[in-house]
Amino acid sequence: VERSRGLGDVYKRQYQNSTHNTTNTTLDSPCQIYVTGYSEGNWNYTLWVNDTSGNYAQNGTYILRYDGTAPSLSSLGVFTPAGANVSGGNITSRTNVTISVNITDALSGVNSSAVWATVYNASDDMVASITLTPANGDLFNGTWDTGSNNTGDGVYTIHVNGTDEAGNTPSAGMETTLELLGAPDLTVTNVDWSSNNTNPGCPRSGNSITINITISN
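What comes next is a walk through the structure. Predicted model, so just to flag it, every value in this text is computed and none were measured.

It is worth spelling out the nonpolar core at this point. By size, the foremost hydrophobic cluster in this structure holds 24 residues, and its most contacted members are Ile99, Leu132, Trp144, Ile158, Val160 and Leu178. Broken down by secondary-structure element, the contributors of at least two residues to this core are strand 6 (72-79), strand 8 (96-104), strand 9 (110-120), strand 10 (126-131), strand 12 (139-145), strand 13 (154-164) and strand 14 (174-180). Apart from the residues within four sequence positions on either side, Leu178 is in contact with Val78, Val86, Gly89, Asn90, Ile91, Val97, Trp144, Gly154, Val155, Tyr156 and Ile158.

Structure follows, in structure tokens:
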């Protein structure tokens, strides 16, 4: 706001949630209005001005929503195509898993295009970056292809976080783990059998046969 020739006082009227919580404040020219240190919520500002003849006018009301609180994350899960929650567990088949989290923000709301998951191996190398998209209400989902070329056997850490419309991001986010196990490497090393016949190698009708199989992994 800048005072021009013939202009009298310029002042602001400040409200929070429709309540006039401060006295009218006369402004210098030019002036800046700082909003630091205010409590969270909706703030309405009206600028009034009078000229040297005593005429008053106002330029309408500006609404400022101050949000200094980061979103809240909960219910982090990792689900197989069959719907089993394997968060903190393991899988043996290389398949797509669904990373799911609830995220809420009471003031400015969640930025639906800024919720993500990052996956790290045991060496703390990032192996996947996944965008989570709105699914239902506060639920966000994303897909991790555990069969990609850069994911061998081992324990992986899944870190999830998100941002609200005011740009606030939780400092820690949420984490869980998933262990990828290789398929069993089974080798049959020996097979033999015997019967309860007096001649075990020649069983007859009605005899029992026992089969022994030796497997190594």
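From this point, the discussion proceeds with the structure in view.
Summarising the sheet, strand 7 (residues 90-91) and strand 14 pair through two bridges and their orientation is parallel. Bridging across to strand 14, Asn90 finds its partner in Glu179. The pairing of strand 13 with strand 14 spans seven bridges and is classified as antiparallel. The residue bridging Val155 from the neighbouring strand is Glu179, located in strand 14.

So, about unusual backbone geometry. Phi at Ser75 is positive, roughly 55 degrees, even though this residue is not glycine. For Ser75, the position within the fold is in strand 6. Look at Ser75 and you get exposed, because its relative accessible area is 53%. Phi is positive for Asp124, which is not a glycine, with a value near 65 degrees.

Strand order in this open sheet of four strands is 6-8-12-11, and the pairing throughout is antiparallel. Unpaired on one side and paired on the other, strand 6 and strand 11 (133-136) mark the two borders of the sheet. Across this sheet, the average inter-strand angle for adjacent strands is 35 degrees, counted without regard to direction. Where strand 8 and strand 12 come together, seven bridges link them in antiparallel fashion. Its bridge partner lying in strand 12, Asn96 is registered against Asp145.

What counts as what
- Residues numbered from 1 in each chain as written.
- Predicted model: local features only at pLDDT ≥ 70, side-chain atom pairs only at ≥ 80, totals over all residues.
- Heavy atoms only, no water.
- Core = buried A, V, L, I, M, F, W, Y, C linked by side-chain atoms within 4.5 Å.
- Buried < 20%, exposed > 50% of the residue type's maximum accessible area, 1.4 Å probe, protein only.
- Helix = DSSP H or I, 4+ residues; strand = E, 2+ residues; numbered from the N terminus.
- Contact = heavy atoms within 4.5 Å.
- Pairing = 2+ DSSP bridges.
- Axes fitted to C-alpha atoms, helices over the stretch in contact; angles between N-to-C directions.

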